[in-house]
2 protein chains.
Amino acid sequence: MRIGVIGSGALGLYYGGMLQRAGQEVRFLLRRDLQAIQTNGLQIKSVNGDFHLPQIQGFANPEQIGPVDMVLVGLKTFANDQLIELTRPLVGPETCLLTLQNGLGNEDLLAEAFGADRTLGGVAFLCSNRGEPGTVLHLGEGKIRLGEFSGGLSRRSQQLADLFQAAGVPCEAVADLRRARWEKLVWNIPFNGLSALLNQDVTRLLNDARCRQLVEELMLEVVSGGNAQGLSEPIDGPAFAAQLLHFTDQMDHYQPSMQLDRQAGRPLELEAIFQIPLQQAAARGVEMPRTEMLLSLLHASEQA
Amino acid sequence: MRIGVIGSGALGLYYGGMLQRAGQEVRFLLRRDLQAIQTNGLQIKSVNGDFHLPQIQGFANPEQIGPVDMVLVGLKTFANDQLIELTRPLVGPETCLLTLQNGLGNEDLLAEAFGADRTLGGVAFLCSNRGEPGTVLHLGEGKIRLGEFSGGLSRRSQQLADLFQAAGVPCEAVADLRRARWEKLVWNIPFNGLSALLNQDVTRLLNDARCRQLVEELMLEVVSGGNAQGLSEPIDGPAFAAQLLHFTDQMDHYQPSMQLDRQAGRPLELEAIFQIPLQQAAARGVEMPRTEMLLSLLHASEQA
């Protein structure tokens, strides 16, 4: 299968690298890492064992990549104003698109431009950071849950799940992508938001009793926002929050992507992770005062 | 009248200086500014005109001050664990105590130690900062609203108001001190909290539309907390919030005391301004989720 990766950050490089190692033909759209990777290949330093891919097909612009069987989108959502133009040259008659970006609204952009029937999305539970140019640090996890933008458990989504599984990436096809997206937000909203605002990793956040309670309150708000969207099955708030807290307690001083974005002076993914979820909740009459407040604080601190 | 000032920061020095200039005998308990003031006196740089008091009675410990007619307390509330021992040597049979400290709980400490019948409190609307040792910057405002800890419009509270008025300090005696305290919190909770958390002055905060809305939401929460306390007359939330926003819009990049405390690495007045008000609101069944969240964030950021 020919796969084109748009947005070759930690996520795009890691999954693209795993797929290439498993024998897929992967073409990367590169920016920061182009020269390093063309010279030295891609180094993945993983908790599951390091590996090196000496030959990488890296390109500076999407026209050089051309049509592929699947576009894998890992672009930071704050660059979504470029998403369609970057993706268009990769889309042929049979191409499907899978976005693993954070938050809500990404599949919608792809579906509007290229058709809902080719659009899939997924949530990635991946702890990874970029290292030196040409190097990705895989710190843990990596599971993907993917599904059709239009819903339902398609044959295609199961094939894609098999593709990732065969490449050593735990992957599950889900019938209700929106539910998976909201479940992911239950983690992303508190941990990305608070870590960026306070510049504290997840372990620091959870070791402070008041802050841990705030994390849980935010989680329950997000669950109530999600459950108002008519999911196939409601999320069990308290149980799911407890599960995520336990899961996060195992992470050793992990710095969420938004904290790293803030440290690096990059924009924050506020629209996809905060604004659109808040809009969707408000459209169903659900208030999320703490989430709203966290967005306001992040927004205000971004102007600093 | 012999007046002893405990807590000679910007507030204590300014009001004490004004009273001395008007002919009262004022004795200051000094720490940081002791030597500078004993050598050069006290310089007040005020929007209403600078003045200099060459002779100041400054003391390093309260025993040297001895009994006074009135103790004026301007101590930062995070030092309240020293409040009683610092004050005790100034208290004779006829002494009354007036605390102008921030937040709630201060009169309670004085009343418990020295008697409710001698205890008064007041809220100061004062924009002032400390300058170099021996210098206070008075940036604007200065009005005091004071009243009896036990409530009611006493002759004594009216006499004290006259004393301040005669010294050029706008001052009003109020029958319901608790109401005045809660009204002040309607300003202090959003502006002190957000300025310290985001390190942004009031003008920056209000110029950000989302943040301005958050300020107003916090104000309305505080009003609902206050109105649950059985005040003599409820605070009209929307009107009062609008008035405070308008008032604060006139301030030119004013940095609230908590922002300065944070910048200087001092502790924050979280107990008096946040914790006790939240406890009193919760005791009456009123939730203040944004205020609670702001406290959690300030608390977490204090551990940084």
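Residues numbered from 1 in each chain as written. Chains lettered and ligands numbered in written order. Predicted model: local features only at pLDDT ≥ 70, side-chain atom pairs only at ≥ 80, totals over all residues. Heavy atoms only, no water.

### Description of the confidence of the model for chain A
For chain A, the mean per-residue pLDDT works out to 96, and 100% of the residues sit at or above 70. We note a pTM of 0.91 for the whole complex and an ipTM of 0.88 for its interfaces. (pLDDT = per-residue confidence, 0-100.)

### Some remarks on the relation of the copies chain B and chain A
Mapping between the two chain copies consists of a rotation about an axis together with a translation along that axis. Structural alignment of chain B on chain A gives an RMSD of 0.0 Å, achieved by rotating through 180° and translating 0.0 Å along the axis. The relationship between the two copies is best expressed as a two-fold rotation axis. Using C-alpha coordinates, one finds that chain B approaches the rotation axis most closely at arginine 290 of chain B, a distance of 3.2 Å. A share of 100% of the interface residues of chain B reappears at the interface of chain A, consistent with the copies meeting face to face through the same patch. (Least-squares fit on C-alpha atoms with pLDDT ≥ 70 in both. Contact = heavy atoms within 4.5 Å.)

### Remarks on the interface of chain B and chain A
Each partner contributes residues to the interface: chain B has 22 residues there, and chain A has 22 residues. Each partner contributes to the roughly 2,100 Å² buried at the junction of chain B and chain A, and carbon and sulfur atoms together form 65% of this total. Considering only the side of chain B, the residues that lose the most area to chain A are Arg210, Met293 and Leu297 of chain B, jointly responsible for 31% of the buried surface there. Note that glutamate 292 of chain A is salt-bridged to arginine 210 of chain B, the shortest N-O span being 3.3 Å. Applying the counting criterion to the chain B and chain A interface returns eight residue pairs in polar contact (both at pLDDT 80 or more). Where the side of chain B that touches chain A is concerned, the elements lending two or more residues are α7 (177-198), α9 (209-227) and α13 (289-302) of chain B. Broken down by element, the side of chain B that touches chain A gets its largest block of residues, eleven residues, from α13 of chain B. Of the residues contributing to the side of chain B that touches chain A, the split by class is twelve nonpolar, five polar and five charged. (Buried area = accessible area lost by both parts, 1.4 Å probe. Salt bridge = Lys/Arg side-chain N within 4 Å of Asp/Glu carboxyl O. Polar contact = N/O pair within 3.5 Å; in protein donor to acceptor, adjacent residues only side chain to side chain. Helix = DSSP H or I, 4+ residues; strand = E, 2+ residues; numbered from the N terminus. Nonpolar A, V, L, I, M, F, W, Y, C, P; charged D, E, K, R; others polar.)

### Things to note about the pattern of salt bridges
Pairing is possible between side chains that carry opposite charge, provided their charged atoms lie close to one another. What the rule picks out here adds up to 32 salt bridges over all chains. A salt bridge links arginine 156 of chain A to glutamate 148 of chain A; the nearest nitrogen and oxygen atoms lie 2.7 Å apart. Residues aspartate 261 of chain B and lysine 76 of chain B are paired through a salt bridge, measuring 3.1 Å at the closest nitrogen-oxygen approach. Here lysine 76 of chain B lies in the loop between β6 (68-73) and α4 (83-87) and aspartate 261 of chain B lies in helix α11 (residues 257-263), a separation of 185 residues in the sequence. Judged by its relative accessible area of 0%, aspartate 261 of chain B falls in the buried class. Lysine 76 of chain B sits in the partly exposed class, given a relative accessible area of 26%. (Buried < 20%, exposed > 50% of the residue type's maximum accessible area, 1.4 Å probe, protein only.)

### Section: the packing of aromatic side chains
Summed over all chains, the structure comprises six aromatic pairs over all chains. Centroid distance tyrosine 15 of chain A to phenylalanine 164 of chain A: 6.0 Å. Interplanar angle 80°. Geometry classified as edge-to-face. Taken together, the positions of tyrosine 15 of chain A in helix α1 (residues 10-21) and phenylalanine 164 of chain A in helix α6 (residues 155-166) put the pair 149 residues apart, joining distant regions of the chain. Taking the relative accessible area as the measure of exposure, tyrosine 15 of chain A reaches 0% and is therefore buried. These aromatic residues form a ring-pair network of at least three members: Tyr14, Tyr15 and Phe164 of chain A. Seen from the ring of phenylalanine 125 of chain B, lysine 184 of chain B lies directly overhead, with NZ or CZ sitting 5.6 Å from the centre. (Phe/Tyr/Trp six-rings, centres within 6.5 Å; stacked < 30°, edge-to-face > 60°. Lys NZ or Arg CZ within 6 Å of the ring centre and 35° of its normal.)

### Comments concerning unusual backbone geometry
Despite not being glycine, glutamate 141 of chain A has its phi angle at roughly 55°, a positive value. Mapped onto the fold, glutamate 141 of chain A is located in strand β9 (residues 135-148). Note on glutamate 141 of chain A: relative accessible area 45%, which makes it partly exposed. Of note, the phi angle at asparagine 199 of chain B is positive, near 50°, even though the residue is not glycine. A relative accessible area of 45% places asparagine 199 of chain B in the partly exposed class.

### Points about the side chain of serine 157 of chain A
Residues and elements named next belong to chain A. Its place among the elements puts serine 157 in helix α6. The class of serine 157 is buried, set by a relative accessible area of 0%. Not counting chain neighbours up to four residues away, the residues in contact with serine 157 comprise Leu120, Leu146, Gly147, Glu148 and Ala173.

### Some thoughts on the pairing of strand β3 (residues 42-46) of chain B
Residues and elements named next belong to chain B. The two faces of β3 differ: Leu42, Ile44 and Ser46 on one face are buried, but Gln43 and Lys45 on the other face are not. Of the strand pairs in this sheet, β3 and strand β4 (residues 51-53) are connected by three bridges, and their pairing is antiparallel. Directly across from leucine 42, in β4, lies its bridge partner leucine 53. Taking the residues that link successive antiparallel strands as the turn, the β3-β4 hairpin has four residues, and the phi of glycine 49 there is positive, at about 115°. Bridge count for β3 against strand β9 (residues 135-148) is four bridges, and the pairing is parallel. Following the sheet pairing, glutamine 43 is matched in β9 by threonine 135. (Pairing = 2+ DSSP bridges.)

### Here's the deal with the domain arrangement of chain A
All names here are of chain A. As assigned here, chain A comprises domain 1 (2-175) and domain 2 (179-303). The centre of domain 1, based on its C-alpha atoms, is set 24 Å off from the matching centre of domain 2. The interface is formed by 23 residues belonging to domain 1 together with 23 residues belonging to domain 2. When the two sides are added together, the surface that domain 1 and domain 2 hide from each other amounts to roughly 1,900 Å², 58% of it contributed by carbon and sulfur. When residues of domain 1 are sorted by the area they lose upon contact with domain 2, Phe78, Asn102 and Leu104 head the list and together hold 37% of the total. (Domains from an automatic or database assignment.)

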